[in-house]
Amino acid sequence: MSTEENPAAAPRSLAEALRGRDDVSLAALLRSRPDLITPVPTDLTQLATRAGTRASVVRALERLDRFTLQAAQALAVASDPATYGELLGLMAGDDGDPAVSAALPHALGTLREQALVWGGEDRLRLVRTARELLAPSPQHPSPTGLGPTVREAAAGMSPGRIQEIVATAGLPSTHDSVSALEALAGLFSDPERMSALLDQAPSESVEVLERLVWGPPYGQVTADPGPRLRWLLDRGLLLPTAPGTVVLPREVALRLRAGRAHRTTEPVPPAVEAAAAHAPRIVDATAAGQAYTALATVEELLKDWHEGGPAVLRAGGLSVRDLKRTAVALDVPEPVAAFWVELAYAAGLLASDGEADERYAATPAYDEWLERPAGERWARLATAWLAATRTPGVVGERDAKDRTLSALGPGLDRSAAPEVRHRVLALLAGLPEGAAPDGESLLARLRWERPPRVVRTGGGVPSPHARRTPAQPAEGARGAVARTEAPGYAEDGRTGGEDDLRSRLARWTLAEAEMLGVTGRGALSSHGRALIGAPAPRHAEAEAEPTGPGDKLPVHHRQVPAPRVLSPAEQATAAAGAARLLEPLLPEPLDHVLLQADLTAVAPGPLERPLADMLGVLADVESKGGATVYRFTPGSVRRALDAGRSAADLHAFLAAHSRTPVPQPLAYLIDDVARRHGHLRVGAASSYVRCDDDAVLNEILADKRAAGLGLRRLAPTVLAARTDPAALLEGLRAMGFAPAAESAEGDVLIARADAYRTPPRTPPAPVPDGPPVPDDTLLAAAVRAVRAGDLASTAPRRPVGGEAGGAEPGELPRTSAADTLATLQAAVLTDDTVWIGYVNAEGAASQRVIAPIRVEGGFVTAYDHTADEVRTYPLHRITGVAELAD
């Protein structure tokens, strides 16, 4: 039986509506609004109360798609309660709209599921808090652009003035203001009579109504309005709300709008168009190349910081100068350098060392990461990027305190970033395989799925100083009406601003996904699809491919479901699958280079790690790209000799790893540097220089560049210096010599390039965007607990000991100690379930439904239906007991 046939069965409150739901529906509510489950409500009444709080309702409204939000806004301007037919009329208008009629049931179902609307189709009620946020009033216009009703707008008018308006509008006079306003509202709501009234209006007056009809409905008028405004004011088509301010009543606006609450309804999400299509193998190959570049860039970044990176600012983060140096070292723009630095930080490969002179350096996890296969290394970076809330795109902007946001510094977290990244990639996965999206259509889809904030930010009747809409008559002109912007709303009902954060995050996601190799040529790669756990593409949808990159593909209308939240285990599995797909696409590392006569070596591809490490010591990188060019210099050869290599070792290394003969100039360079290497010895005296050839020492003393070293001769073959050994080494090398350091025993010290590492660090934890979505196990337990608690609070009770036993809802039962003991002992014998009041050790009172098992020693052991477990309660903490009615 429906609620129309049996009105008594209709729920009288949101709590009663929730009580009529099944467990699946309650679990869906808690899943869509996870803030309601923290902590778990004691019963359905508390759940309904929590679902109606302002913070929870605002959060729920901000997560509605545009059409569902429009339905909620329409309910806010409808009567309370409203019928489904009234809601449909506000959404589809008098002429009807088949698309709106088809989409409205689903939107209404979403509002019901999220407990924003309750009641049957004949008595639809918007939650009171949502109505307060969305409904128009004399102080707040609606996001629909509608104003207050006739009754609300005329609340402060005198009865005589109301009777004058009714008479001028051609309505019979009434004995009170209430009936007069009802008659006026009925006139404005009647299509035929309203049309007849407007046919009598001067064209200038109709022009004023058209100016206000879609909102904002408020306007400024002068103290002496002209004839066109006086005609509207005399008939109530405009009503004064404050001195100099008038408003278009809601009933009039709806009639002028042909019954529509919104200028444009959007029942169908805008399609994501494909701007170009490429062969899937081309997309995968391009993405794999980008992935390899990403790995090489991160390695280059951290190798550059091997011996300790830039200093940490006092406020945290990198200085602007250090970011510029990093960008130059990586040969990328500064915003891109900030992205790579933040990516390494999010992956746990980079952190600060925590020392007094705090600096950034690689973490021990970086060394472990280097030993993994290339596919697994990329998967770690991509997974960290997906989950990170730190947003490098805001680096360089200003925070609320007008401080510059720096890379690796505080204030970069944007909690919406992971959800936007997943959604953008999911929309790409919904396109035909190999299709790259049109950026504007993608942003339009995201804005439809999550419109900009709609909760009003200010209040009050617009003052004469309120901002006027451009191209409106200037205030003060005789008979003019200047439309005003409502506080907190833009003209279309949304908050203003150059661009919303989600759109910026989406643009950054597209750029970062391309740099990271998740996409190739703008299209989602196969390993990128596996990374987010998206299903395999439907190849049949990609039959019509464009002939060129500028051609447009047909609009893609298929609905793209929101990505399911992956558990950590599922995300690890997805990352492993993505790594397996990417691994065969990455280039195989090479074990050789091509030596050239101009003292350069060309690596035609990625090198094996031992070869790359050794070549990085022996030569300097001159250019990077598909082929890396290394240049041999005296300084680079000396660096290899300082690392403990001999000239013979270097000749053997080059001969073993070169596909071309070792050029004679390179062999001469190595021999020449090796012959002079170690000829001078530097030690601590503060420091000293010794050499078997006194002529070399004479040359050093005669050189003017040695004046700052404070050298003096101690013996024919020994010079002493005032500087420390390290400074003496650098000074002699700057003069063109090749000294070697020696220990106190006279042995040559080998300066190996030991990498500096921070202590073990954990990656930065993402800042959650509200409470996490509960899993199925938690949802089932929460629903069970809420049901049990609701049973305890609503189960009918029988009086005990001639007293009511707490008959009032929510009131604890009160019985004497003897009656309590007797009732519990009887329940043990009869295996009955009873209702008790209980006060815990902290003094918190609660009511519970229990099935007593035994009563002894001052305790009752029972199965607690509220907690769904066996518990023991001290008898002295039980306030009373009542038997449940049959």
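Note: the structure precedes this text.
Residues numbered from 1 in each chain as written. Predicted model: local features only at pLDDT ≥ 70, side-chain atom pairs only at ≥ 80, totals over all residues. Heavy atoms only, no water.

A. Quick look at the overall build of the protein chain. Each helix and strand counted, the protein chain has 33 helices and 27 strands in total. Taking contacts inside the protein chain between residues at least 6 apart in sequence as the whole, the part at least 24 apart equals 68%. Surface accessibility of the protein chain: about 40,900 Å² in total, with carbon and sulfur atoms responsible for 54%. (Helix = DSSP H or I, 4+ residues; strand = E, 2+ residues; numbered from the N terminus. Contact = heavy atoms within 4.5 Å. Areas by Shrake-Rupley, 256 points an atom, 1.4 Å probe, with all protein chains shown as cover.)

B. View of the packing of helix 20 (residues 374-387) against helix 23 (residues 501-516). The interhelical angle for the contact between helix 20 and helix 23, taken along N-to-C directions, is 170°, at an axis separation of 11 Å. In terms of orientation, helix 20 lies roughly antiparallel with respect to helix 23. Across from Trp378, Leu381, Ala382 and Trp385 in helix 20, the residues of helix 23 making contact are Thr509, Glu512, Ala513 and Leu516. Partitioned by chemical class, the residues of the contact of helix 20 with helix 23 number 6 nonpolar, 1 polar and 1 charged. (Axes fitted to C-alpha atoms, helices over the stretch in contact; angles between N-to-C directions. Parallel < 35°, antiparallel > 145°, perpendicular 65-115°, else oblique. Nonpolar A, V, L, I, M, F, W, Y, C, P; charged D, E, K, R; others polar.)

C. How the structure looks around the nonpolar core. Residues Phe188, Leu237 and Leu238 are the most contacted members of the largest nonpolar core, which totals 95 residues. Ranked by residues supplied to this core, first place goes to helix 5 (residues 66-77) with 8 residues. Non-local contacts of leucine 237, meaning those with residues more than four positions away in its chain, are made with Phe188, Met194, Leu197, Leu198, Leu209, Trp231, Leu232, Val247, Leu248, Pro249 and Val252. Ala388, Leu505, Ala506 and Ala579 belong to the second-largest nonpolar core, a separate cluster that totals 74 residues. (Core = buried A, V, L, I, M, F, W, Y, C linked by side-chain atoms within 4.5 Å. Buried < 20%, exposed > 50% of the residue type's maximum accessible area, 1.4 Å probe, protein only.)

D. Region of interest: helix 25 (residues 568-582). Across its 15 residues, helix 25 extends 21 Å between first and last C-alpha, which sits within 8% of the 21 Å expected from 1.5 Å per residue. Contacts made by the buried residues of helix 25 are with helix 16 (280-304), helix 20, helix 21 (417-430) and helix 24 (526-531). (Expected span 1.5 Å × (residues − 1).)

E. Expanded view of the pattern of salt bridges. For the structure on display, the rule yields 37 salt bridges. We note a salt bridge from glutamate 419 to arginine 502, for which the minimum N-O separation is 2.7 Å. Taken together, the positions of glutamate 419 in helix 21 and arginine 502 in helix 23 put the pair 83 residues apart, joining distant regions of the chain. In this structure arginine 502 comes out as buried when scored by relative accessible area, which is 13%. Taking the shortest distance from any N to any O, the salt bridge between glutamate 856 and arginine 854 comes out at 3.4 Å. Because the salt bridges share partners, they merge into one network encompassing Arg161, Glu164, Arg230 and Asp234. (Salt bridge = Lys/Arg side-chain N within 4 Å of Asp/Glu carboxyl O.)

F. Spatial organisation of the packing of aromatic side chains. Taken as a whole and judged by the stated rule, the model has 3 aromatic pairs. Looking at arginine 377, its charged tip hangs above the ring of tryptophan 369, at a distance of 5.4 Å from the centre. (Phe/Tyr/Trp six-rings, centres within 6.5 Å; stacked < 30°, edge-to-face > 60°. Lys NZ or Arg CZ within 6 Å of the ring centre and 35° of its normal.)

G. Molecular detail of the environment of arginine 112. Counting through the fold element by element, arginine 112 comes out in helix 7 (residues 98-113). What makes arginine 112 partly exposed here is its relative accessible area of 25%. Between the alpha carbons of arginine 112 and serine 25 there is a distance of 9.8 Å; along the sequence they are 87 residues apart. Not counting residues within four places of it along the chain, the set of residues in contact with arginine 112 comprises Arg21, Val117, Trp118, Gly119, Gly120, Glu121 and Leu124.

H. Inspection of the environment of alanine 656 at higher detail. Along the chain, alanine 656 falls in helix 28 (residues 647-657). C-alpha separation for the pair alanine 656 and valine 593, spaced 63 residues apart in sequence, amounts to 9.8 Å.

I. Up close: the sheet that holds strand 13 (residues 594-596). Read across the open sheet, the 4 strands follow the order 13-14-16-15; overall the sheet is antiparallel. Each edge of the open sheet is held by one strand with a lone partner, namely strand 13 and strand 15 (620-623). Taking the axes of each pair of neighbouring strands and ignoring which way they run, one obtains an average angle of 30° across the sheet. Looking at chain direction, strand 13 and strand 14 (residues 600-603) are connected through 3 bridges and run antiparallel. Within the sheet, the bridge partner assigned to leucine 594 lies in strand 14 and is valine 602. (Pairing = 2+ DSSP bridges.)

J. A look at the environment of alanine 327. Along the chain, the position of alanine 327 falls in helix 17 (residues 320-330). Sequence spacing of alanine 327 and alanine 337 is 10 residues, and the spatial spacing of their C-alpha atoms is 5.2 Å. Apart from residues no more than four positions distant in its own chain, alanine 327 is found in contact with Val332, Pro333, Glu334 and Ala337.

K. Here's a closer look at empty space enclosed by the protein. All chains considered together, the criterion is met by 6 cavities of 30 Å³ or more. Taken as a whole, the largest cavity encloses approximately 80 Å³ of empty space. Forming the walls of the largest cavity are Phe339, Glu342, Leu343, Ala346, Trp385, Ala388, Arg390, Pro392, Arg421 and Glu512. The dominant element in the lining of the largest cavity, judged by the number of residues it contributes, is helix 18 (residues 334-346), at 4 residues. Taken together, the residues of the lining of the largest cavity sort by class into 6 nonpolar, no polar and 4 charged. (1 Å grid on protein atoms, 1.4 Å probe; cavity = no way out; pocket = protein on both sides within 12 Å on 5 of 7 lines; lining within 4 Å. Points joined across faces, edges and corners; volume = space filled by probe spheres on them.)

L. Spotlight on the side chain of glutamate 342. Within the secondary structure layout, glutamate 342 lies in helix 18. Every residue in contact with glutamate 342, bar those within four places of it in the chain, is listed here: Arg390, Pro392, Ala407, Leu408, Gly409 and Leu412.

M. Spatial organisation of unusual backbone geometry. Here the amide bond leading from threonine 38 into proline 39 is cis, since omega sits at -5°, within 30 degrees of zero. Tracing the backbone through its elements, the reader meets proline 39 in the loop between helix 2 (23-32) and helix 3 (44-51). The peptide bond linking aspartate 80 to proline 81 adopts the cis configuration, its omega dihedral lying at 0°. Looking at the secondary structure, you find proline 81 in the loop between helix 5 and helix 6 (84-92). At aspartate 402, a position not held by glycine, the phi torsion is positive, near 60°. When you line up the elements, aspartate 402 lands in the loop between helix 20 and helix 21. Here aspartate 402 falls in the exposed class, since its relative accessible area comes to 51%. Located in the positive-phi region is leucine 408, a residue other than glycine, with phi close to 65°. Structurally, leucine 408 is set in the loop between helix 20 and helix 21.

N. Spotlight on helix 14 (residues 227-234). Within the sequence span of helix 14, burial applies to Leu229, Trp231, Leu232, Leu233 and Asp234. Residues of helix 14 that are buried make contact with helix 10 (159-168), helix 12 (191-199), helix 13 (203-212) and strand 5 (245-247). Of the residues one or two after helix 14, glycine 236 is the one with positive phi, at around 75°.

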